[in-house]
Amino acid sequence: MSTIARSLAQTIARIQYQDLPQEVVHEAKRRVADVIGAGLSGSTGKVGEQIRSFAVRKGGEGKATILGIDQTTTAEYAALANGTMTFHMELDDVHRTSHTHPGVTTIPAALAICEENKLSGKDLLLATILGYEAEIRIGLAVSPSIYTDRTFLAPGTLGIFGATIAASKLLGHNENQIAGAIGTASYIGPIAPFESFRLGAPAKDTIMGWANYSGILASNLTEVGFSGPETSIEGDFGFSPTVSKVFATTRVFNGLGKEFEILNTGIKPYACCRQHHTAVDAILALREKHKIAPKDVEKIVHRTFVVGSRGTEKRPTSIPAAKYSAPYTIAVALTYGRAWRGEYSMEYINKPNLLELASKVKVLADDELEKLYDEKWPSIIEVTMKDKQVYTARCDLPKGEPEHALSDEELKEKFISLATDAIPVECAEEIWNKIFQLDVLDDVTELTALLKTSLLKA
């Protein structure tokens, strides 16, 4: 069998836009919309201001758009800024069995390179789809061990592969160059320890932006001869044994070139870590069925898989920490019937009623639920009332997964809600329509031109 880098490179070099099923193209458009919507919203806050300033100062002159301002910079710095602003929102898509966030680590790089080189909408869609393929399939090889046996933030560690492949495809690299770029990416990519994510440290937000930046860098380095080895993924001292204790390289090859993993990604409906979405679904179901009032709750027990049980902080002190806190997220969902952006603000995080309810939530790793991971991400919520009534609900797959997909109408509602943080609704509608016309755009700047003045909200 060929090496992983060679097999991926052969597939990526071979597949052209005309080879893509329309279902796959449509899903790519949906993912572009999802990333741009979150990025526009992320551009309006403090993180957006900080990373844009950094990118403009360090990146200098270039042709790639930074969301939220009229200034442009180089592709790698635009991708760094846009990836950071998008990931900050915790609303980017997830491929659950590879533990990747392929949209936020592929699309900012692809969009920036397309704009820099005046490439077409079809080029953007093709690069996006193939970036998803590489990142997800390498993620499948090392999952779930990268999370369960090691202490990496898997999406941050794996994200470079999506950006690298998108860049290499757009820059017209041949099979040898693509294989070498994968090797380079495996060597220079971020190895993201979980600690910053767990604690919600400010650096946490930059990791997906950095994956975009370093992916473009890996592709550019390969053009001048700095390639990695073909055995970069499965070699004895390669990426897989470095980031995982148990890895199955055969998972890379299943359906390669015939089945597209972008169809197996889930879109988030809640503004928190995806690991807690089944808990949100379960507590919302109990809230609706039993009309539970938070003041009447004595305690809540949340049983879940091991990785999902790590977010136990009951008094988060930052927005990222709140988004990773299962107790806080459960308290928010039960109290307000939602877990959207407004509930993850310092105003809400400091509310005594939420902190009191979060203090009543106990999070437990459940051995039986762990056996279902990572094909399923199950949660069981047990609410004990002060009158000793006990209500229980279970959810195995969260809303937004392919099995419970968001409709185009639901996705548009999410997009408009996010984008209008930065722009008037009529502008958001225009951007949405332009994204779904990408396959007829000869120049992607027809889209990016609409993103430059997003902070000039009427």
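Residues numbered from 1 in each chain as written. Predicted model: local features only at pLDDT ≥ 70, side-chain atom pairs only at ≥ 80, totals over all residues. Heavy atoms only, no water.

**Remarks on unusual backbone geometry**
Argument step 1. Of note, the bond from Ser143 into Pro144 is cis; its omega dihedral lies within 30 degrees of zero at 0 degrees.
Argument step 2. Take Pro144: it is sitting in the loop between helix 6 (121-142) and helix 7 (145-148).
Argument step 3. Residue Asp374 follows Tyr373 across a cis peptide bond; omega there is 10 degrees.
Argument step 4. The backbone of Lys118 sits at a positive phi, close to 55 degrees, despite the residue not being glycine.
Argument step 5. Its location among the elements puts Lys118 in the loop between helix 5 (107-116) and helix 6.
Argument step 6. Even without glycine at this site, Lys291 takes up a positive phi of about 50 degrees.
Argument step 7. Relative to the assigned elements, Lys291 resides in the loop between helix 14 (277-290) and strand 3 (297-304). (Helix = DSSP H or I, 4+ residues; strand = E, 2+ residues; numbered from the N terminus.)

**Considerations on the pairing of strand 6 (residues 390-395)**
Argument step 1. What you see with strand 6 is a clean split: Tyr391, Ala393 and Cys395 sit on the buried side and Val390, Thr392 and Arg394 on the side with no burial.
Argument step 2. Hairpin remark: strand 5 (residues 379-385) followed by strand 6, antiparallel, with four residues in the connecting loop; positive phi at Lys388, about 75 degrees. (Buried < 20%, exposed > 50% of the residue type's maximum accessible area, 1.4 Å probe, protein only. Pairing = 2+ DSSP bridges.)

**What about the packing of aromatic side chains?**
Two aromatic rings, taken as a pair, are described by how far apart their centres are and by the angle between their planes.
Argument step 1. Using the criterion set out here, one finds 16 aromatic pairs in the structure.
Argument step 2. Measuring from centroid to centroid gives 6.2 Å for Tyr373 and Trp377, while their planes differ by 45 degrees, and the two rings are tilted.
Argument step 3. Here Tyr373 falls in the buried class, since its relative accessible area comes to 10%.
Argument step 4. By relative accessible area, which is 5% here, Trp377 ends up buried.
Argument step 5. Pairing Trp432 with Phe436 gives two aromatic rings, centres 4.6 Å apart and planes at 40 degrees, and the pair type is tilted.
Argument step 6. Within the aromatic cluster, the residues linked to one another by ring pairs are Phe87, Tyr147, Phe194, Phe197 and Tyr324.
Argument step 7. Here Lys204 stacks its cationic end above the ring of Phe87, 4.4 Å away from the centre of that ring.
Argument step 8. One cation-aromatic arrangement involves Arg310 over Phe194; the distance from NZ or CZ to the ring centre is 5.4 Å. (Phe/Tyr/Trp six-rings, centres within 6.5 Å; stacked < 30°, edge-to-face > 60°. Lys NZ or Arg CZ within 6 Å of the ring centre and 35° of its normal.)

**Focus: the side chain of His101**
Argument step 1. Tracing the backbone shows His101 in the loop between helix 4 (75-88) and helix 5.
Argument step 2. Residue class for His101 comes out buried when judged on its relative accessible area of 9%.
Argument step 3. The contacts of His101, once residues within four sequence positions are left out, are Phe87, Asp92, Asp93, Val94, Glu135, Pro155, Met208 and Lys268. (Contact = heavy atoms within 4.5 Å.)

**Quick word on the sheet that holds strand 5**
Argument step 1. Overall, mixed pairing links the four strands, which are arranged 4-3-5-6 in an open sheet. Among the strands making up the open sheet, the edge pair consists of strand 4 (361-365) and strand 6. Taken over all neighbouring pairs, the strand axes of this sheet differ in orientation by 15 degrees on average, direction set aside.
Argument step 2. As judged from the six bridges shared by strand 5 and strand 6, these two strands associate in the antiparallel manner. Paired with Val383 across the strands is Tyr391, a residue of strand 6.
Argument step 3. Packing of helix 16 (residues 326-336) onto the sheet brings it into contact with strand 3, strand 4 and strand 5, and relative to strand 3 it is tilted by some 125 degrees. (Axes fitted to C-alpha atoms, helices over the stretch in contact; angles between N-to-C directions.)

**Description of the confidence of the model for the protein chain**
Argument step 1. Confidence in the prediction for the protein chain averages 95 pLDDT; 98% of positions are at 70 or higher.
Argument step 2. Segment residues 454-458 is flagged for pLDDT under 50; beyond a separation of four residues in sequence, or across chains, it makes 19 contacts in the model. (pLDDT = per-residue confidence, 0-100.)

**Here's the deal with the pattern of salt bridges**
Argument step 1. Within this structure, the stated rule accounts for 27 salt bridges.
Argument step 2. Glu401 serves as the salt-bridge partner of Arg96, at 2.6 Å between the closest nitrogen and oxygen. With Arg96 in the loop between helix 4 and helix 5 and Glu401 in the loop between strand 6 and helix 20 (408-419), the pair connects residues that are 305 residues apart, well separated along the chain.
Argument step 3. Among the ionic pairs, Lys388 bridges to Glu298, the shortest N-O distance being 2.7 Å. Of this pair, Lys388 sits in the loop between strand 5 and strand 6 while Glu298 sits in strand 3; the two residues are 90 residues apart in sequence, bridging distant segments of the chain.
Argument step 4. For Lys388, a relative accessible area of 56% gives the class exposed.
Argument step 5. Since its relative accessible area comes to 33%, Glu298 is described here as partly exposed. (Salt bridge = Lys/Arg side-chain N within 4 Å of Asp/Glu carboxyl O.)

**Regarding the environment of Ala405**
Argument step 1. Note that Ala405 resides in the loop between strand 6 and helix 20.
Argument step 2. Ala405 gets classed as partly exposed once you look at its relative accessible area, which sits at 45%.
Argument step 3. Residues Ala405 and Leu418 lie 13 residues apart in sequence; the distance between their C-alpha atoms is 19 Å.
Argument step 4. Apart from residues lying up to four places away in sequence, Ala405 is in contact with Gly400 and Glu410.

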